[in-house]
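Spelled out, the chains give:
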Amino acid sequence: MKHTIDGILFKQMVLHGAAAITLKKQQINDLNVFPVPDGDTGTNMSMTINTAAGELRKVSPETIGQSSKICASALLRGARGNSGVILSLLFRGFSKALKGQEEADGQAFAAAMQEGVAAAYSAVMKPAEGTVLTVSRLAAKRAVEAAQEDNSAQFVLEEAIKAGYEVLPQTTDMNPVLKKANVVDAGAKGYLIILEGMLAAVRGEELPEVDEQGEAPEEPASAFEKFDTADIKFAYCTEFIVERKNSKDPDKLRAFLNDLGDSIVLVADDEIIKVHVHTNHPGLALENALTYGTLMTTKIENMKNQHTAILEGSAQADTGASQEEDAVAAPEKQYGFLAVCAGDGIAAVFKDLGVDGIISGGQTMNPSTESILKEINRTPSQVVFVLPNNKNIILAAQQCVGLTEKEVVVVPTATIPQGISAMMSVDTEAAKEDILAAMTDAMERVATAQITYAARNSDFDGFTINEGDYLALLEGKLFGTDRDITVLLRKLAEEAREKNTEFLTVFYGQDVSEEDAAAAEAMFAQVCPEAELSMLPGGQPVYYYIVSME
């Protein structure tokens, strides 16, 4: 029985947990009760925790405090979808509880699990029972009790998993949607699979192999990992970490570096200051940094030499690969806007409405927090409004707040039509709070309908659904199903007429021909003669039609 967990063992636990969820991610995806082709809970959790596994493979952390901190930081930036964000929050709280500790016994491990649950609950606006939140909370509760019986970390983890699996079947009855489908919560099951993988590492079991079809983990993108050398003003990419020895304000160092170079990223806590800067005088940067404490690590690279090597086709020194830093864009204006969407036509509409950048994503391909953060940093404004346009991306976008020097405002748009309506209401001369209020009000006046297909057989909400059926959704709820898409289109047109829709916009997807789109347009015009109708090529995948009713 393993009594304590140190940094190296915790690293192995995360690697085992990542492998476990990767091997079973499709099993988790299949638990998603809604039969549309975006049942990606398992994929999102797998991709999220594999960002941490990728970072931990690069280091040999001696303490559990170090190991859990690396894990939490990577998870935060790599979080995808709601399930991935909640998973990252569970580990973030875990890291907070273990800060500065060399190893964790049963009591410390149990306390860390509870801290993780607290972090997850505090971040979710309306916590729902019968989800991963419920299972993680009761598992942590049992962990605390178990630590009083036997202060062994292994025993505590074993008992937490047992408690989790005891409550997992109850999630079916706690959630009416799960009860109808007679399945357990996908996120909760995924979390327990990760904990089981971690327990396997504690028991000394070998790391399972993940084959090519298991989707090898994405390598996490570090903020310091790449830089653009096409037009180099400052030659030296300089990175260092200072161990703080006084309470001197790090903002003074930031101001000094701002006069010395560009591409500045400065992150500080009570113990260290981590800096990245492009400058022609790295010695001056290091000399000023020494007034804050002692240098722990330094790295100085000549980007002009690197760029020359790339142009000549040479391998880059030390790393063997080119690097390109995504610098934080200097603010050229007060407000900037980003939209998440898929499809060239929809992206063009957002561009016409004034968004500065498009984040590629949506159903079946939720962008990570890191991907969203990169686009925020590239936006040349002081304030960046982010439109997720998907309910499963909102939480990931919200995690960007505080990760950048820019002010981030997440507009909680859950659909493409909501995002478009929100952008149409923007007055860039108004105050930030008034812009957000106007966007929120505008998005709430829009009803969204979508037509997609059934990814599997299902008996859902009174509908018997067969794989390949067309599905119509209205405001995220199943509206109808049929083998003939024109039947569903007509029902939606009639619904728009019943709602006295004044503005009717229909985006047709990449799998819809122009001929079929023209027929759909004619039908909508016939059923809704009073509405101002627009039929536009959206180019979106997965959804044949996205309908905006306003």
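Residues numbered from 1 in each chain as written. Predicted model: local features only at pLDDT ≥ 70, side-chain atom pairs only at ≥ 80, totals over all residues. Heavy atoms only, no water.

Caption draft 1: Representation of the overall build of the protein chain within the structure. Looking only at helices and strands, the protein chain features 21 helices and 16 strands. Per-residue burial over the protein chain gives 54% buried out of 550 residues. Nonlocal contacts in the protein chain, meaning residues at least 24 apart in sequence, comprise 72% of its contacts between residues at least 6 apart. Taken as a whole, the protein chain presents about 24400 Å² of accessible surface, with 48% of it coming from carbon and sulfur. (Helix = DSSP H or I, 4+ residues; strand = E, 2+ residues; numbered from the N terminus. Buried < 20%, exposed > 50% of the residue type's maximum accessible area, 1.4 Å probe, protein only. Contact = heavy atoms within 4.5 Å. Areas by Shrake-Rupley, 256 points an atom, 1.4 Å probe, with all protein chains shown as cover.)

Caption draft 2: Representation of the sheet that holds strand 15 (residues 532-537). Strand order in the open sheet formed by six strands is 13-12-9-16-14-15, and the pairing between neighbours is mixed. This sheet does not close on itself; its edge strands, each paired only once, are strand 13 (477-482) and strand 15. Neighbour-to-neighbour, the strand axes of this sheet turn through a mean angle of 15°, independent of strand direction. As defined by bridge partners, strand 9 (residues 447-453) adjoins strand 12 (residues 470-474) across five bridges and the pair is classed as antiparallel. Following the sheet pairing, Tyr453 is matched in strand 12 by Tyr470. Across the sheet, helix 15 (residues 344-352) lies against strand 14 (503-508), strand 15 and strand 16 (545-549), angled at about 120° from strand 15, the strand it touches most. Helix-sheet contacts for helix 20 (residues 485-498) involve strand 9, strand 12, strand 13, strand 14 and strand 16, and the interaxial angle to strand 13 is about 140°. (Pairing = 2+ DSSP bridges. Axes fitted to C-alpha atoms, helices over the stretch in contact; angles between N-to-C directions.)

Caption draft 3: Structural context of the environment of Ala139. One can find Ala139 in helix 7 (residues 132-149). Measuring from C-alpha to C-alpha, the distance between Ala139 and Glu159 comes to 7.8 Å, with 20 residues separating the pair along the chain.

Caption draft 4: Spatial organisation of the sheet that holds strand 7 (residues 381-387). One open sheet holds the four strands; their spatial order is 6-5-7-8, and the pairing between them is parallel. Both outer strands of the open sheet, strand 6 (357-360) and strand 8 (407-410), are each paired with one neighbouring strand and no more. Pairwise comparison of adjacent strand axes, ignoring direction, gives a mean angle of 25° for this sheet. In terms of strand pairing, strand 5 (residues 333-341) meets strand 6 through four bridges, oriented parallel. In the strand pairing of strand 6, Cys341 is matched with Ser360.

Caption draft 5: Representation of the packing of aromatic side chains in the model. The final tally for this structure, using the stated rule, is seven aromatic pairs. Ring centres of Phe91 and Phe94 lie 6.4 Å apart, and the angle between their planes is 40°; this geometry places the pair in the tilted category. Taken together, the residues Phe91 and Phe94, both in helix 5 (residues 81-97) and three residues apart, mark about one turn of the helix. Owing to a relative accessible area of 6%, Phe94 belongs among the buried residues under this scheme. Cluster of aromatic residues (ring-pair linked, three or more members): Phe10, Phe91, Phe94 and Phe109. The cationic tip of Lys248 hangs over the ring face of Tyr292; the distance from NZ or CZ to the ring centre is 4.6 Å. (Phe/Tyr/Trp six-rings, centres within 6.5 Å; stacked < 30°, edge-to-face > 60°. Lys NZ or Arg CZ within 6 Å of the ring centre and 35° of its normal.)

Caption draft 6: Structural context of a negative patch on the surface. Residues Asp6, Glu62, Glu102 and Glu103 make up a contiguous surface patch of negative charge. Within the secondary structure layout, Glu102 lies in the loop between helix 5 and helix 6 (106-123). (Patch = residues over 30% accessible without salt bridge, like charges linked within 9 Å, V, L, I, M, F, W, Y side chains within 5 Å. Salt bridge = Lys/Arg side-chain N within 4 Å of Asp/Glu carboxyl O. Lys, Arg positive; Asp, Glu negative; His and termini not counted. Charge placed at Lys NZ, Arg CZ, Asp CG, Glu CD.)

Caption draft 7: Just the nonpolar core, in detail. If you look at the biggest cluster of nonpolar residues, it comprises 85 residues, and the most contacted ones within it are Phe10, Met13, Met113, Leu157 and Ile372. Counting residues in hydrophobic clusters, the runner-up holds 29 residues, among them Ala339, Phe385, Ile416 and Met443. (Core = buried A, V, L, I, M, F, W, Y, C linked by side-chain atoms within 4.5 Å.)

Caption draft 8: Empty space enclosed by the protein, seen in detail. Enumeration according to the criterion identifies one cavity of 30 Å³ or more in this entry. If you add up the space inside the largest cavity, you get close to 100 Å³. In terms of lining, the largest cavity is formed by Leu90, Phe91, Phe94, Phe109, Met113, Leu157, Tyr191, Leu195 and Met198. Mapped onto the lining of the largest cavity, the elements with two or more residues apiece are helix 5, helix 6 and helix 11 (186-202). (1 Å grid on protein atoms, 1.4 Å probe; cavity = no way out; pocket = protein on both sides within 12 Å on 5 of 7 lines; lining within 4 Å. Points joined across faces, edges and corners; volume = space filled by probe spheres on them.)

Caption draft 9: Helix 16 (residues 369-378), seen in detail. Within helix 16, eight of the ten residues are buried, leaving the element largely enclosed by the surrounding structure. Those residues of helix 16 that fall on the buried side of the exposure criterion are Thr369, Glu370, Ile372, Leu373, Lys374, Glu375, Ile376 and Asn377.

Caption draft 10: Highlighting the pattern of salt bridges. As enumerated under the stated definition, the model contains 19 salt bridges in all. A salt bridge links Glu243 to Lys245, with the shortest nitrogen-to-oxygen separation between them at 3.9 Å. Residue classification places Lys245 among the exposed residues on the basis of a relative accessible area of 55%. Note that Glu495 and Lys499 form a salt bridge whose closest N and O atoms lie 3.9 Å from each other. Looking at Glu495, the relative accessible area reads 21%, which means it is partly exposed. When its relative accessible area of 40% is taken as the criterion, Lys499 is described as partly exposed. Among the charged side chains, a network of salt bridges with common partners joins Lys141, Arg142, Glu145, Glu149, Glu159 and Lys162.

Caption draft 11: Structural detail: the confidence of the model for the protein chain. Per-chain confidence: the protein chain averages 85 in pLDDT, with 87% of residues scoring 70 or above. A low-confidence stretch, residues 212-231 stays under pLDDT 50, and its non-local contacts, those more than four residues away or across chains, total 47 contacts. Across residues 307-325, confidence stays below pLDDT 50; counting only partners more than four residues off in sequence or on other chains, it has 26 contacts. (pLDDT = per-residue confidence, 0-100.)

Caption draft 12: Here's a closer look at the packing of helix 3 (residues 41-56) against helix 5. Close contact between helix 3 and helix 5 brings their axes to 7 Å; oriented N to C, the two are set at 40°. Compared by their axis directions, helix 3 and helix 5 come out oblique. For the crossing formed where helix 3 meets helix 5, the hand is right-handed. Residues Thr41, Asn44, Met45, Thr48 and Ile49 of helix 3 lie in contact with helix 5, whose contacting residues are Gly81, Ser83, Gly84 and Leu87. Its residues assigned to classes, the contact of helix 3 with helix 5 comprises three nonpolar, six polar and no charged. (Parallel < 35°, antiparallel > 145°, perpendicular 65-115°, else oblique. Left-handed = near helix turned anticlockwise from the far one by under 90°. Nonpolar A, V, L, I, M, F, W, Y, C, P; charged D, E, K, R; others polar.)

Caption draft 13: Examining the side chain of Gln450 more closely. Tracing the chain through its elements places Gln450 in strand 9. Setting aside anything within four residues of it in sequence, one finds Gln450 in contact with Leu471, Ala472, Leu473, Tyr543, Tyr545 and Ile546.

Caption draft 14: Region of interest: the pairing of strand 12. Of all five residues making up strand 12, four are buried, and the element is well covered by its neighbours. Examined bridge by bridge, strand 12 and strand 13 share five bridges and lie antiparallel to one another. Within strand 13, the position partnered with Leu473 by the bridge is Leu478.

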